[in-house]
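Residues per chain, in single letters:
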Amino acid sequence: MPAGSSVAFDSLFGDYPLDCAYDEMRTPSGSIRPHYRALAEMLASLPAGELQRRKQSADLSFLTQGITFTVYGRDEGTERIFPYDMLPRLITATEWDRIERGLTQRITALNLFLRDIYSDAKILADKVIPSELIYSCKHYRRQMRGLDVPRNVYIAVVGSDLLRLDNGEFVVLEDNLRVPSGVSYMLTNRRVMKRTFPQLFASCGVKPIEQYPQLLLATLRALAPEGRPEPNIVLLTPGVYNSAYFEHTYLARQMGIELVEGRDLVTHDNIVYMRTTDGLKRVDVIYRRVDDDFCDPLIFRSDSALGCAGLFNAYRAGNVTITNAFGTGLADDKAVYAYVPRMIRYYLNEDPILPNVETYILGEDRDREYALANLDKLVVKAVGESGGYGMLIGPHASQQKRAEFAAAIRANPRNYIAQPTLDFSRAPCLLDGKLEPRHVDLRPYVLYGDKVQIVPGGLTRVALEKGSLVVNSSQGGGSKDTWVLE
Amino acid sequence: MLSRVADSLYWMSRYLERAENTARQLDVTLSLMLDTGGASVESRWQHLVAALGKPAGLRVSGTSDEMARAMVFDPLTPASITYCVNAARENARQVREEISTEQWQRLNRLYHQIHDPETEAGFEASASDTLTTVLDGIHLFQGVGGSTMIHGQGWQFIRLGRYLERAYSTATMLEAAVPDLASAQDRENSAYQYLDLVGLLRSCTAFEAYCQVYTADIVPDQILEFLLLNRDFPHSIRYAVDNIRYAIESIQRHGGKRAPELAASVGKLHAMIEYSSIGEILSGDASTFLHSIREQCLRIHETIYRNYVQYSIQSALTV
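A. Geometry of the pattern of salt bridges. Applying the stated rule across the entire model yields 45 salt bridges over all chains. Note that R4 of chain B is salt-bridged to E261 of chain A, the shortest N-O span being 3.2 Å. Here R4 of chain B is found in helix α1 (residues 3-32), whereas its partner E261 of chain A is found in the loop between β7 (258-260) and β8 (265-268) on a different chain. Like E261 of chain A, R4 of chain B is buried. Linking D303 of chain A and R301 of chain A is a salt bridge whose minimum nitrogen-to-oxygen distance equals 3.1 Å.

Listed below in structure tokens is the structure:
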């Protein structure tokens, strides 16, 4: 069937614009990309109103499964579902193969980099990366110097953000090496999509991702301290007020491990215990979802009530594995990011498979001069921030906002980087019964225990607001299921 | 089970039981005040405050409406129903993944009902309706918990909290009623006295159950016997203590620590009630007997804490 010919199809696409960027579903001439044909045909064949009906039943499914976040304020205690889009984002096997190899290479190099920095720092001695960049990073933890971490794995759980540029190539926008979140939405999106489009799912041939919790558990187990064959693994959460609390409970439940808060833990003689109604129980592995700063008031922020005093000493003594390790934020610093391709060449002697986005380091004079002269074309980011905070999108910002950023950059250049405004890809989303393109990124989840493992898929985040480039859930973004095809 | 989780479930349950008890006693008192020929309004309030154990911070002056409102809505008074519901919900939220979604929804609905501005605005005209809403909400929560929550250790901590609170508050209420019961003994039953005695039973939802056992012949000694020693009535102290014992045994069966100290303190209270007759209790000093029950409840609470929640690390390491 020549897609686009039926009436239903036309009304669905309406005035779907193909003006700019790479469209995930359609070529610039308007025809449907081959791997999207099954989806397009299904959309065209559905009777009017059917999509809307399925959307409602999917909404209900999210709600009854408790895939919600709690809204505070006026409607205190009411639960809302996480915004999501019905239509899956498709990735071909060839594309995925490249992503998988590229991320494996990248994570391996980043881990070697962390190992190097916290031991001999050869990469600094060889002047591949300027020392002052590392030692001025607020996520650098001197306490980690010379400390052996189990299996030399610093970053067991990683979520890297990828974008597809107008040439169709994927690039890495940033790595999340501290406490990446969102994986629960990847898993629950899939569950709901399978229920909503069963025939389509079966006919597309989609690679499974449901094994993620089991792989995560195996990863954590692989990192347990020596001599603990039946390790007690726990997930450390900051508590109910954290916005990712749903994910913490979800993962703990799916893995069958205890969800603990800092106040549940005590340390004695450098051993960590949790308080149970059957007395103290030794803890061997902590998958922490608490930031470095808050983990141990004796070592990091002394005003933190979220951690447990003595945790770091127990970790240093090798009696407990805490993952990700402390100080990993160093390697996802946005200025250090610019050097990742050089790290890959330095440690692995390979060319990067997945390129970086072109990045100006504003601590360097030439880059800064250029950036300050071209603020209206660039995106400026504060290096220590994440979640879309501390960001200037030059072309969309007011003159005043740009001036504020220029002043801030001059005052503390080390704190900023600039990147060209990227015209990254858009995927069709179902909005008010019509298809409209919205910008999307892709966050695959990487596990590193015995070896690097990536479940085929990830969280496709969507900037649901028209024209918006910001996909972060804290800034009005949503998500959609990601299907990696066989 | 994590100590923190056990603690939250236990207190969630205690707070709801406390709210239920306050709601029922307040409802009975407001209804008794309608019969103006009996005790004065002031003495009714004094009696109610005593029956609730003279909770700190409770407003004991002003008009009846003001006092009743404070008892229901004041979020800052630990004895108020609103305070108890807030505290129960806050505890439930900390362990949201341990209780069922249905339980959470019921509790949440109760919370919103009591915080609805219209509830407070219409309180004077419909105090009884409001209190019934509270009682219904708590009963729904308990019923839904019974049929949707896994009956493991967590459930037993919920039951433990409920029955310990119930034993304590019933003993408190009876202790406050002993002088009245004694004086009612000596005189002919007037219609007003009859209302008061029925009110005492109603405070424990015990009127109909009492009639089934003793007929509508309302005799002070029998009331005391029923509320203290009846084996089968869920609001009697004996029933509560039996269930405290059962909950603790179940906790230990479901992986909680063996705690001989706890078994001893519960066993002592159980034996004291199990082997007492109402004749003995009345020939001695009933107030002292009831007071001893309260003190033992407090001791059991401390022992639960010492064994399951706030044990010292040293003691736990030497075992």
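B. Quick peek at the packing of aromatic side chains. Using the criterion set out here, one finds 25 aromatic pairs over all chains in the structure. A centroid spacing of 5.0 Å and a plane angle of 85 degrees characterise the contact between F201 of chain A and W483 of chain A, whose relative ring orientation is edge-to-face. Pair noted here: F201 of chain A is in helix α8 (residues 198-204) and W483 of chain A is in strand β22 (residues 478-484), with a separation of 282 residues, a long-range link. Its relative accessible area of 13% is what places F201 of chain A among the buried residues. You can call W483 of chain A buried: its relative accessible area is 0%. Here the guanidinium or amino end of R33 of chain A rests over the ring plane of Y22 of chain A, the centre of that ring lying 4.0 Å away. The ring of Y111 of chain B has R89 of chain B sitting right over it, with the charged end atom 3.9 Å from the ring centre.

C. Local environment of helix α16 (residues 399-411) of chain A. Residue and element names in this part refer to chain A. In this model α16 runs 19 Å from its N-terminal to its C-terminal C-alpha over 13 residues, within 8% of the 18 Å that 1.5 Å per residue would give. Along α16, the positions that sit buried rather than exposed are R402, F405, A406 and I409. Relative to the axis of α16, the buried residues are bounded by an arc of 105 degrees and lie together on one face. In this structure, α16 carries Q400 and A411 as exposed residues pointing more than 90 degrees from its buried face. Elements in contact with the buried residues of α16: α15 (365-373), β14 (378-382), β15 (391-393) and β16 (416-420).

Here is what the cut-offs are and how they apply
Residues numbered from 1 in each chain as written. Chains lettered and ligands numbered in written order. Predicted model: local features only at pLDDT ≥ 70, side-chain atom pairs only at ≥ 80, totals over all residues. Heavy atoms only, no water. Salt bridge = Lys/Arg side-chain N within 4 Å of Asp/Glu carboxyl O. Helix = DSSP H or I, 4+ residues; strand = E, 2+ residues; numbered from the N terminus. Buried < 20%, exposed > 50% of the residue type's maximum accessible area, 1.4 Å probe, protein only. Phe/Tyr/Trp six-rings, centres within 6.5 Å; stacked < 30°, edge-to-face > 60°. Lys NZ or Arg CZ within 6 Å of the ring centre and 35° of its normal. Expected span 1.5 Å × (residues − 1). Arc of directions from axis to C-beta. Contact = heavy atoms within 4.5 Å.

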